[in-house]
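# Chain and residue survey
Here are the chains, one letter per residue:
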Amino acid sequence: MSLPTLGFFGGTFDPVHCGHLQMALAAKAHLQLDEVRLLPCHQPPHRATPQLTSRQRSLLLGLAVQDVDDLSIDTRELKRDKLSWTVDTLRHCRKEFGDELSITLWMGADSYSGLQNWHEWQQLPQLAHIGILQRPGYTVPKVGVLAHWLERSSAANIHQQPAGTVVALKQPLLPWSATKIREQLALGVRPKGLPESVFNYIVAHQLYGFTETET
Ligand code: ATP
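First, a word on scope: everything that follows refers to the structure included in this document. Everything numeric in this text was worked out from a predicted model, so none of it was measured.

Across its full length, the protein carries 10 helices and 6 strands. By principal-axis analysis of the C-alpha atoms, the protein measures approximately 60 × 35 × 30 Å. Burial analysis of the protein (215 residues in total) assigns 49% to the buried set. Carbon together with sulfur atoms contributes 50% to the accessible area of the protein, which is approximately 10,800 Å² in total. If the 20 positive side-chain charges of the protein are averaged to one point and the 20 negative ones to another, these points end up 4 Å apart.

Quick look at helix 2 (residues 54–65) now. Between the first and last C-alpha of helix 2 there are 16 Å, a value that for 12 residues agrees with the 16 Å anticipated at 1.5 Å per step. Residues of helix 2 that are buried: Ser54, Arg57, Ser58, Leu60, Leu61, Ala64 and Val65. Buried residues in helix 2, looked at end-on, bunch into an arc of 155 degrees, giving them a common side. The elements touched by buried residues of helix 2 are helix 1 (18–30), strand 2 (35–40), strand 3 (71–73), helix 3 (76–79) and helix 10 (196–204).

Attention now moves to the pairing of strand 4 (residues 102–108). Side-chain direction in a regular strand flips from residue to residue, so the side chains alternate between the two faces of the sheet. Among the 7 residues in strand 4, 7 count as buried, and that is most of the element. One ladder, built from 5 bridges, connects strand 1 (residues 5–11) with strand 4; its direction is parallel. Looking across to strand 4, one finds that Gly7 is bridged to Thr104. Two elements, strand 4 and strand 5 (residues 129–133), share 5 bridges in a ladder whose sense is parallel. Its bridge partner lying in strand 5, Trp106 is registered against Gly131.

What the rule picks out here adds up to 10 salt bridges. A salt bridge links Arg76 to Asp74; its shortest N-O distance comes to 3.0 Å. You can call Arg76 buried: its relative accessible area is 9%. Residue Arg91 is joined to Glu120 by a salt bridge in which the shortest nitrogen-to-oxygen separation is 2.7 Å. Of the two residues, Arg91 sits in helix 4 (residues 86–97) while Glu120 sits in the loop between helix 5 (109–113) and helix 6 (124–127), which places them 29 residues apart along the sequence. For Glu120, a relative accessible area of 31% gives the class partly exposed. When salt bridges with common partners are traced through the structure, they connect Glu35, Arg37, Asp74, Arg76 and Glu96 into a single cluster.

Let us now look at the layout of surface pockets. In this structure, the largest pocket occupies an estimated 1,100 Å³ of space. Around the largest pocket, the lining comprises 45 residues; the ones closest to its centre are Gly10, Gly11, Arg47, Asp110 and Ser111. Elements represented by at least two residues in the lining of the largest pocket include exactly strand 1, helix 1, helix 4, strand 4, helix 5 and helix 9 (178–186). Split into classes, the residues belonging to the lining of the largest pocket amount to 21 nonpolar, 17 polar and 7 charged. Of the volumes computed, that of the second largest pocket is approximately 160 Å³. Residue lining of the second largest pocket: 14 residues in total, with Gln134, Tyr138, Thr139, Val140 and Lys170 positioned closest to the centre.

This brings us to the state of the cysteines. Counting across every chain of the model gives 0 disulfides. Considering cysteine sulfurs only, Cys93 is the nearest to Cys41, which forms no disulfide, with 14 Å between them.

With that settled, consider the environment of Ile181. On the secondary structure map, Ile181 appears in helix 9. Along the chain, Ile181 and Leu52 lie 129 residues apart, while their C-alpha atoms are 13 Å from each other. With residues up to four places along the chain from it excluded, the contact list for Ile181 reads Pro15, His17, Pro191, Lys192, Gly193 and Leu194.

Conventions used here
- Residues numbered from 1 in each chain as written.
- Predicted model: local features only at pLDDT ≥ 70, side-chain atom pairs only at ≥ 80, totals over all residues.
- Heavy atoms only, no water.
- Helix = DSSP H or I, 4+ residues; strand = E, 2+ residues; numbered from the N terminus.
- Buried < 20%, exposed > 50% of the residue type's maximum accessible area, 1.4 Å probe, protein only.
- Areas by Shrake-Rupley, 256 points an atom, 1.4 Å probe, with all protein chains shown as cover.
- Lys, Arg positive; Asp, Glu negative; His and termini not counted.
- Charge placed at Lys NZ, Arg CZ, Asp CG, Glu CD.
- Expected span 1.5 Å × (residues − 1).
- Arc of directions from axis to C-beta.
- Contact = heavy atoms within 4.5 Å.
- Pairing = 2+ DSSP bridges.
- Salt bridge = Lys/Arg side-chain N within 4 Å of Asp/Glu carboxyl O.
- 1 Å grid on protein atoms, 1.4 Å probe; cavity = no way out; pocket = protein on both sides within 12 Å on 5 of 7 lines; lining within 4 Å.
- Points joined across faces, edges and corners; volume = space filled by probe spheres on them.
- Nonpolar A, V, L, I, M, F, W, Y, C, P; charged D, E, K, R; others polar.
- Disulfide = S-S within 2.5 Å.

Geometric values such as these leave the question of function open.
So this is what it looks like as C-alpha cells:
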C-alpha cells in the first residue's frame, strides 16, 4: 500500500535563497513526493537569533515561492511564540494528520551531522522519515548512531511507512548559504543565489544593512 507523502524543509531562511528552493524541489522530484512545504522556524534553538523578524523572513519566503507551483509554506512554528523544537512540530503534525501520512523531514548534510544536539533527537525517526541533501563542504557521519540510521535506510519506505527511514539524496550541489549572502549584502554587494523578488525587497527596505554602492 502506498501512503500520501509530505515533505518538510525546515530552516531559518534568513534569508531564503535559491539553494533552499532547489533542494526542496530536488527532494520532491527525486522521491515523487505529493507535497513539500518550507517550514520557517520562529526561534531557532541551535543558532543565533535571526537578523530579520519571523514576519520579515516569512514575507521573503512568500515572495520566493509565489511563482513556484511545487512549494508552499507552513507557518505552524511561527504561530507558537517559543523555541521551535522540531520534535514538538512533528508531534503537532501527527496530531493533525494522524499516522496515515508519510512525513519526511528534509535537511542539508550539515544539519544532519549536528542532529545529536537537537532536543529529543532519538524520537525524530518515530515521528518522520529523515531526508538528507548533499551540501558542499559537508559529509554525512560515517560512524555512530547517525551513520547506523543511514545504513538501514530504504527510499522505498518513504512511500510505504509513515516514519522511520533515513535517506541521503545525491542531488546536484549548490554553493549558496544564508550566512555568505548576509555578509555580501552588508558590504553592499549583490549576492548570487537570491531569487529576484527577494533581492528587490531587500534593496527596497535596506535589509541586512544593504545599501547600493555607486559603480
Ligand atoms: P547559514 O549559512 O546561515 O547556515 P543556511 O543557508 O544553511 O544558513 P538555513 O535556513 O539555516 O540556511 O538552512 C535550512 C536548511 O537548508 C538546512 O537543513 C541546511 O542544511 C539546508 N541548506 C541550506 N543551503 C543549502 C545548500 N546550498 N545545499 C544543501 N542544503 C542547504
